[in-house]
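Each chain is listed here by its residues.
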Amino acid sequence: MARVLLVTGAARGIGAATARLAARQGYAVCVNYRDSREQAEAVVRAISADGGQAQAVRADVASECDVAALFRVVDRMGPLVALVNNAGILGHQGRLLDFDAARIARILSTNVVGTMLCAREAVRRMSTRQGGNGGAIVNVSSAAARTGAAGEYVDYAASKGAVDTFTRGLAQEVASEGIRVNGVRPGFIHTDIHASGGEPDRIARIAPSIPLGRGGTPEEVARAILWLLSAEATYTTGALLDVSGGR
Ligand code: NAP
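Residue indices follow the written sequence of each chain, beginning from 1 at its first position. With the structure being a predicted model, the display of local features is reserved for residues of pLDDT at least 70 and the display and counting of side-chain atom pairs for 80 or more, all residues being used for whole-chain, interface and lining totals. Where side-chain values are given, they derive from all heavy atoms of the structure, hydrogens and water being excluded.

## Re the overall build of the protein chain
Logical step 1: The number of helices and strands found in the protein chain is nine helices and seven strands.
Logical step 2: In this treatment the radius of gyration is a C-alpha quantity, and the globule benchmark scales as 2.2 Å times the residue count to the 0.38 power. At 17 Å, the protein chain has a C-alpha radius of gyration in line with the 18 Å of a compact globule built from 247 residues.
Logical step 3: C-alpha extents for the protein chain along the principal axes are approximately 50 × 40 × 35 Å.
Logical step 4: Across the 247 residues that make up the protein chain, the buried fraction comes to 52%.
Logical step 5: Expressed as a percentage of contacts within the protein chain between residues at least 6 apart in sequence, the contacts between residues at least 24 apart total 74%.
Logical step 6: When the accessible surface of the protein chain is totalled, it reaches about 11100 Å², and 51% of it is carbon and sulfur.
Logical step 7: For the charge count, each Lys or Arg is scored as positive and each Asp or Glu as negative, with His and the chain ends excluded. Every charge is mapped onto a representative atom, which is NZ of Lys, CZ of Arg, CG of Asp or CD of Glu. In the protein chain, 27 positive and 23 negative side-chain charges are present, and the distance between their average locations comes to 2 Å. Strands are runs of DSSP state E lasting at least 2 residues, helices are runs of H or I lasting at least 4, and numbering of each runs from the N terminus. Classification of residues uses two cut-offs on accessible area relative to the type maximum, computed with a 1.4 Å probe and protein chains only: under 20% is buried, over 50% is exposed, and between them is partly exposed. Contacts were defined at the residue level, with two residues in contact if any of their heavy atoms lie within 4.5 Å. Surface accessibility in these figures is a Shrake-Rupley result with a 1.4 Å probe; residues are shielded only by whichever protein chains are displayed.

Following this line, the structure appears as structure tokens:
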């Protein structure tokens, strides 16, 4: 039976690149999406055309009910060996003074609560203590967890700081149960997320201050994620890998 990898928020950007690369490496990929059904189905079609296995499943990771339903589909696909907590959102750029409680709660719900709910379901299935065969989890954080994103989105940055702390804690909690938990911290990656922050050309503005002189591609982040999931990384857990061009 195929080894199953769940990638949350995999309809586009870093999640879609991760799903495509994972399928090429032999995983059966559960392509989760929330709103972008057509794009998720396009990812699945591309994987199938390439000879891989994938299924698109709608779920809002911030909803406990949706997450439970998502994992029931995963269970039907085969044994879950890997999870990439990639789904993430940010709000329009601004200062804390501009942010209301609804916005902050929305960001924390997807980025922090969603990550924890999906990790919990994965641990329930993977833990050798619960009868599982072990596995690996990668949480997609952000360089913003280090920088704080002042004047842009301190709420988003703080949510990613929580993801980093959660990654380190959970890694220690489940290390003896056959599960490795790591994080990647992308920097400035060419995806639609910058448009959702209100500045589609954000990377062009920042590129001169990036030591490697450019933004990264979703594929460059996907390769780091797949390495952390792989048997090449069996002694790596609780690590936070910066994929940010040196900045
Ligand atoms: P993106 O192109 O905006 O994609 C985000 C994905 O997350 C979308 O597929 C979206 O799905 C999904 N999503 C959002 N909320 C969701 C929810 N509640 N439930 C399920 N799926 C949800 O952004 P991206 O740049 O690829 O971002 C991927 C991850 O990388 C995020 O965690 C982001 O914070 C992180 N990151 C990105 C950068 C960067 O420069 N691009 C830098 C640092 C960190 P729908 O479209 O279906 O709603």
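Still to come is the rest of the account.
## Describing the sheet that holds strand 2 (residues 28-33)
Logical step 1: Pairing between two strands is assigned when DSSP locates at least 2 bridges connecting them. Strand order in this open sheet of seven strands is 3-2-1-4-5-6-7, and the pairing throughout is parallel. Edge positions in the open sheet fall to strand 3 (53-58) and strand 7 (240-243), since each of these has one partner strand only. Here the average twist between neighbouring strands, direction ignored, is 20°.
Logical step 2: Summarising the sheet, strand 4 (residues 80-85) and strand 5 (residues 135-140) pair through four bridges and their orientation is parallel. Directly across from N85, in strand 5, lies its bridge partner N139.
Logical step 3: Inter-axis angles, ranging from 0 to 180 degrees, are taken between N-to-C directions of lines fitted to C-alpha atoms, where helices are fitted over the stretch in contact. Contacting strand 1 (4-7), strand 2, strand 3 and strand 4, helix 3 (residues 64-77) crosses the sheet at an angle of about 160° to strand 2.

## Some details on the site of the ligand
Logical step 1: Put simply, a residue is near a molecule or strand once any heavy atom of it comes within 4 Å of that molecule or strand. The environment of the ligand is made up of 31 residues, and the closest members are D35, S36, N86, Y156 and T191.
Logical step 2: At a separation of 3.0 Å, an oxygen atom of the ligand approaches a polar side-chain atom of R12.
Logical step 3: Whenever two N or O atoms come within 3.5 Å, that pair is a polar contact, provided that in protein one can donate a hydrogen and the other can accept it, and provided that, for residues adjacent in sequence, both atoms are side-chain atoms. In this structure, T191 approaches the ligand through a side-chain N or O atom, which is 2.6 Å from an oxygen atom.
Logical step 4: Buriedness of a pocket was judged along seven lines, with at least five required to meet protein on both sides within 12 Å; pockets are open sets of points on a 1 Å grid over the protein atoms alone, cavities are sets where a 1.4 Å probe fits but cannot get out, and lining residues have an atom within 4 Å of a point. In this scheme, a molecule is assigned to a cavity or pocket if more than half of its atoms are within 2 Å of the grid points. Applying the majority rule of atoms within 2 Å of the grid points places the ligand in the largest pocket.

## Focus on the pattern of salt bridges
Logical step 1: Salt bridges are defined by distance alone: a side-chain nitrogen of Lys or Arg within 4 Å of a carboxyl oxygen of Asp or Glu. With the rule as written, the count across this model stands at 20 salt bridges.
Logical step 2: A salt bridge links R34 to D35; the nearest nitrogen and oxygen atoms lie 3.2 Å apart.
Logical step 3: When its relative accessible area of 38% is taken as the criterion, R34 is described as partly exposed.
Logical step 4: A residue is classified by how much of its surface remains accessible, and D35, at 58% relative accessible area, is exposed.
Logical step 5: Connected through salt bridges with shared partners, the residues E64, D75, R120, E121, R124 and R125 form a single ionic network.

## Overview of the nonpolar core
Logical step 1: Residues L5, Y27, V29, V31, V184, I225 and L229 are the most contacted members of the largest nonpolar core, which totals 35 residues.
Logical step 2: Setting aside chain neighbours within four positions, we find L5 in contact with A22, Y27, A28, V29, C30, A82, L83, V84 and L229.
Logical step 3: Throughout, nonpolar core names a set of buried Ala, Val, Leu, Ile, Met, Phe, Trp, Tyr and Cys residues whose side chains join them through atoms within 4.5 Å. Ranked by size, the runner-up nonpolar core spans 29 residues in total, among them L6, M77, A87 and V174.

## Quick look at helix 3
Logical step 1: The first and last C-alpha atoms of helix 3 sit 20 Å apart over 14 residues, in line with the 20 Å expected at 1.5 Å per residue.
Logical step 2: The inward-facing, buried residues of helix 3 abut strand 1, strand 2, strand 3, strand 4 and helix 4 (101-126).
Logical step 3: Just downstream of helix 3, G78 is the residue with a positive phi angle, here 140°. Take the number of residues in a helix, subtract one, and multiply by 1.5 Å to get its expected span.

The values are spatial; any link to function lies outside them.
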